[in-house]
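As a plain string of letters, each chain reads:
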Amino acid sequence: QVQLVESGGGLVQAGDSLRLSCAASGRTSSIYFMGWFRQAPEKEREFVAAISWSGDTTLYADSVKGRFTISRDNAENTEYLQMVSLKPEDTAVYYCAANVGSCRGYGCYEKQRDYMYWGQGTQVTVSS
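Please read these numbers as outputs of a predicted model, since none were measured by experiment.

**What to know about the state of the cysteines**
Under the defined criterion, the tally for this structure stands at 2 disulfides. The residue that forms a disulfide with Cys 22 is Cys 96, at a sulfur-sulfur distance of 2.0 Å. In this structure, the disulfide formed by Cys 22 and Cys 96 twists by about -80° around the S-S bond and is classed as left-handed. On the criterion of sequence distance, the pair formed by Cys 22 in strand 3 (residues 18-26) and Cys 96 in strand 9 (residues 92-99) is long-range, its members being 74 residues apart.

**Digging into the sheet that holds strand 1 (residues 2-7)**
The strand order across the open sheet built from 4 strands is 1-3-8-7, with neighbouring strands paired in antiparallel fashion. Each end of this open sheet is capped by a strand with a single partner; those strands are strand 1 and strand 7 (68-73). Going from strand to strand, the sheet's axes swing by 20° on average, the running direction of each strand aside.

**A short note on the packing of aromatic side chains**
On inspection of all chains with the given rule, the structure shows 5 aromatic pairs. Ring geometry for Phe 33 against Tyr 109: centres 3.8 Å apart, planes inclined by 10°, an arrangement best described as stacked. Of this pair, Phe 33 sits in strand 4 (residues 33-39) while Tyr 109 sits in the loop between strand 9 and strand 10 (117-118); the two residues are 76 residues apart in sequence, bridging distant segments of the chain. Both residues of the pair, Phe 33 and Tyr 109, belong to the buried class. Chaining the aromatic ring pairs together yields one cluster made of Phe 37, Phe 47, Tyr 115 and Trp 118. When the ring centre of Tyr 95 is taken as reference, the NZ or CZ atom of Arg 45 above it lies at 3.8 Å. In this arrangement the basic side chain of Arg 45 is found over the ring face of Trp 118, its NZ or CZ atom lying 5.1 Å from the centre.

**Focus on the pairing of strand 5 (residues 46-52)**
Most of strand 5 is tucked away: 6 of the 7 residues are buried. The sheet contact formed by strand 4 and strand 5 spans 6 bridges and is antiparallel. If you follow Phe 33 over to strand 5, its bridge partner there is Ser 52. Hairpin connection, strand 4 to strand 5: the antiparallel pair is bridged by 6 residues, and Glu 42 has positive phi, about 65°. Summarising the sheet, strand 5 and strand 6 (residues 58-60) pair through 3 bridges and their orientation is antiparallel. Of the residues in strand 6, the one forming a bridge with Ala 49 is Tyr 60. Between strand 5 and the antiparallel strand that follows it, strand 6, lie 5 residues; Gly 55 among them carries a positive phi value of about 85°.

Conventions and cut-offs
- Counting starts from 1 at the beginning of each chain's written sequence and moves along it residue by residue.
- The predicted origin of the model limits local features to residues at a pLDDT of at least 70 and limits the giving and counting of side-chain atom pairs to 80 or more, whereas totals for whole chains, interfaces and linings rest on all residues.
- The side-chain numbers reported here are obtained from all heavy atoms of the structure, hydrogens and water having been left aside.
- In what follows, a disulfide is any cysteine sulfur pair within 2.5 Å.
- Think of it this way: any DSSP run of H or I at least four residues long counts as a helix, any run of E at least two long counts as a strand, and we number them from the N terminus.
- Any two strands with at least two DSSP bridges between them are considered paired.
- Between the N-to-C directions of two axes lies an angle of 0 to 180 degrees, each axis being a line fitted to C-alpha atoms and, for a helix, fitted only over the stretch in contact.
- Working definition: a ring pair exists when centres of Phe, Tyr or Trp rings (six-membered ring for Trp) sit within 6.5 Å. Plane angles under 30 degrees give stacked, over 60 give edge-to-face, the rest tilted.
- Note on classification: 1.4 Å probe, protein chains only; a residue is buried when its accessible area is under 20% of the maximum for its type, exposed when over 50%, partly exposed between these limits.
- The rule for a charge over a ring is simple: NZ of Lys or CZ of Arg within 6 Å of the ring centre, and within 35 degrees of the ring normal.

Honestly, it's all geometry; don't read function into it.
Shown next, in the form of C-alpha coordinates:
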(Lines give C-alpha, C1' and ligand atoms only; values in the text may rest on other atoms or scores of the structure.)
Protein backbone atom coordinates (compact mmCIF):
# COMPACT_ATOMS: atom_id res chain seq x y z
CA GLN A 1 0.00 0.00 0.00
CA VAL A 2 3.02 2.26 0.47
CA GLN A 3 6.01 2.23 -1.82
CA LEU A 4 9.32 3.84 -0.92
CA VAL A 5 12.06 4.68 -3.39
CA GLU A 6 15.41 5.87 -2.08
CA SER A 7 18.16 7.80 -3.78
CA GLY A 8 21.16 9.95 -2.99
CA GLY A 9 23.72 7.50 -1.71
CA GLY A 10 27.27 7.54 -2.91
CA LEU A 11 30.95 7.55 -2.12
CA VAL A 12 32.30 10.57 -0.26
CA GLN A 13 35.25 11.50 1.89
CA ALA A 14 35.15 12.07 5.62
CA GLY A 15 33.76 15.50 6.40
CA ASP A 16 31.66 15.64 3.25
CA SER A 17 27.89 15.88 3.02
CA LEU A 18 25.14 13.90 1.36
CA ARG A 19 21.39 14.21 1.16
CA LEU A 20 19.34 11.06 0.93
CA SER A 21 15.83 11.14 -0.47
CA CYS A 22 12.93 8.76 -0.03
CA ALA A 23 9.91 9.23 -2.26
CA ALA A 24 6.69 7.75 -0.89
CA SER A 25 3.80 6.72 -3.07
CA GLY A 26 0.61 4.75 -2.73
CA ARG A 27 -1.54 5.31 0.34
CA THR A 28 0.68 7.97 1.85
CA SER A 29 -2.25 9.36 3.82
CA SER A 30 -1.94 6.34 6.12
CA ILE A 31 1.64 7.15 7.18
CA TYR A 32 2.17 8.22 10.80
CA PHE A 33 5.97 8.31 10.90
CA MET A 34 8.80 7.90 8.46
CA GLY A 35 12.27 6.87 9.49
CA TRP A 36 15.79 6.11 8.40
CA PHE A 37 17.75 3.07 9.46
CA ARG A 38 21.20 1.91 8.46
CA GLN A 39 23.05 -1.36 8.41
CA ALA A 40 26.80 -1.72 8.21
CA PRO A 41 28.52 -5.00 7.34
CA GLU A 42 28.33 -7.48 10.20
CA LYS A 43 26.19 -5.07 12.20
CA GLU A 44 22.54 -5.05 13.11
CA ARG A 45 20.25 -2.60 11.39
CA GLU A 46 20.13 0.47 13.61
CA PHE A 47 17.86 3.45 13.98
CA VAL A 48 19.09 6.74 12.57
CA ALA A 49 16.23 9.23 12.58
CA ALA A 50 12.46 9.52 12.31
CA ILE A 51 9.90 12.20 11.58
CA SER A 52 6.16 12.40 12.01
CA TRP A 53 4.14 12.74 8.83
CA SER A 54 3.20 16.25 9.90
CA GLY A 55 6.87 17.06 10.43
CA ASP A 56 6.42 18.44 13.94
CA THR A 57 8.24 15.60 15.72
CA THR A 58 11.73 14.35 15.00
CA LEU A 59 13.86 11.68 16.62
CA TYR A 60 17.58 11.03 16.26
CA ALA A 61 20.04 8.41 17.32
CA ASP A 62 22.75 9.77 19.60
CA SER A 63 25.40 8.87 17.05
CA VAL A 64 24.02 11.31 14.47
CA LYS A 65 22.61 14.15 16.57
CA GLY A 66 24.00 17.45 15.42
CA ARG A 67 25.16 16.02 12.10
CA PHE A 68 22.06 14.56 10.44
CA THR A 69 18.77 16.32 9.84
CA ILE A 70 15.56 14.58 8.84
CA SER A 71 12.87 16.52 7.03
CA ARG A 72 9.83 16.12 4.80
CA ASP A 73 8.44 17.80 1.73
CA ASN A 74 4.69 17.43 1.89
CA ALA A 75 4.16 18.56 -1.69
CA GLU A 76 6.48 15.87 -3.00
CA ASN A 77 5.71 13.20 -0.36
CA THR A 78 9.43 12.90 0.10
CA GLU A 79 11.54 12.29 3.19
CA TYR A 80 15.09 13.59 3.33
CA LEU A 81 18.12 12.86 5.43
CA GLN A 82 20.70 15.62 5.24
CA MET A 83 24.02 14.28 6.42
CA VAL A 84 26.99 16.53 7.16
CA SER A 85 30.39 15.92 8.73
CA LEU A 86 30.24 12.34 7.57
CA LYS A 87 32.53 9.85 9.24
CA PRO A 88 33.82 6.47 8.05
CA GLU A 89 31.66 4.85 10.72
CA ASP A 90 28.60 6.25 8.93
CA THR A 91 29.29 3.83 6.08
CA ALA A 92 26.25 1.60 5.70
CA VAL A 93 23.25 0.80 3.60
CA TYR A 94 20.61 3.34 4.51
CA TYR A 95 16.96 2.32 4.44
CA CYS A 96 13.86 4.46 4.39
CA ALA A 97 10.87 3.13 6.32
CA ALA A 98 7.23 4.05 6.88
CA ASN A 99 4.96 3.41 9.84
CA VAL A 100 1.22 3.27 9.20
CA GLY A 101 0.05 2.80 12.80
CA SER A 102 0.99 4.15 16.19
CA CYS A 103 3.44 2.21 18.36
CA ARG A 104 3.80 2.01 22.12
CA GLY A 105 6.50 1.73 24.71
CA TYR A 106 10.05 2.89 25.24
CA GLY A 107 11.84 3.93 22.10
CA CYS A 108 8.67 4.16 20.06
CA TYR A 109 9.44 4.72 16.37
CA GLU A 110 13.09 3.88 17.01
CA LYS A 111 12.80 0.14 16.41
CA GLN A 112 12.83 -1.73 13.15
CA ARG A 113 9.64 -3.58 14.05
CA ASP A 114 7.76 -0.27 14.36
CA TYR A 115 7.85 0.14 10.58
CA MET A 116 5.75 -1.73 8.06
CA TYR A 117 7.20 -0.58 4.75
CA TRP A 118 10.80 -0.34 3.64
CA GLY A 119 12.76 1.02 0.74
CA GLN A 120 15.37 -0.91 -1.16
CA GLY A 121 18.30 0.74 0.57
CA THR A 122 20.98 3.07 -0.73
CA GLN A 123 24.69 2.65 -0.10
CA VAL A 124 26.61 5.40 1.67
CA THR A 125 30.36 4.93 1.77
CA VAL A 126 32.58 7.40 3.61
CA SER A 127 36.28 7.05 3.00
CA SER A 128 38.98 8.30 5.34
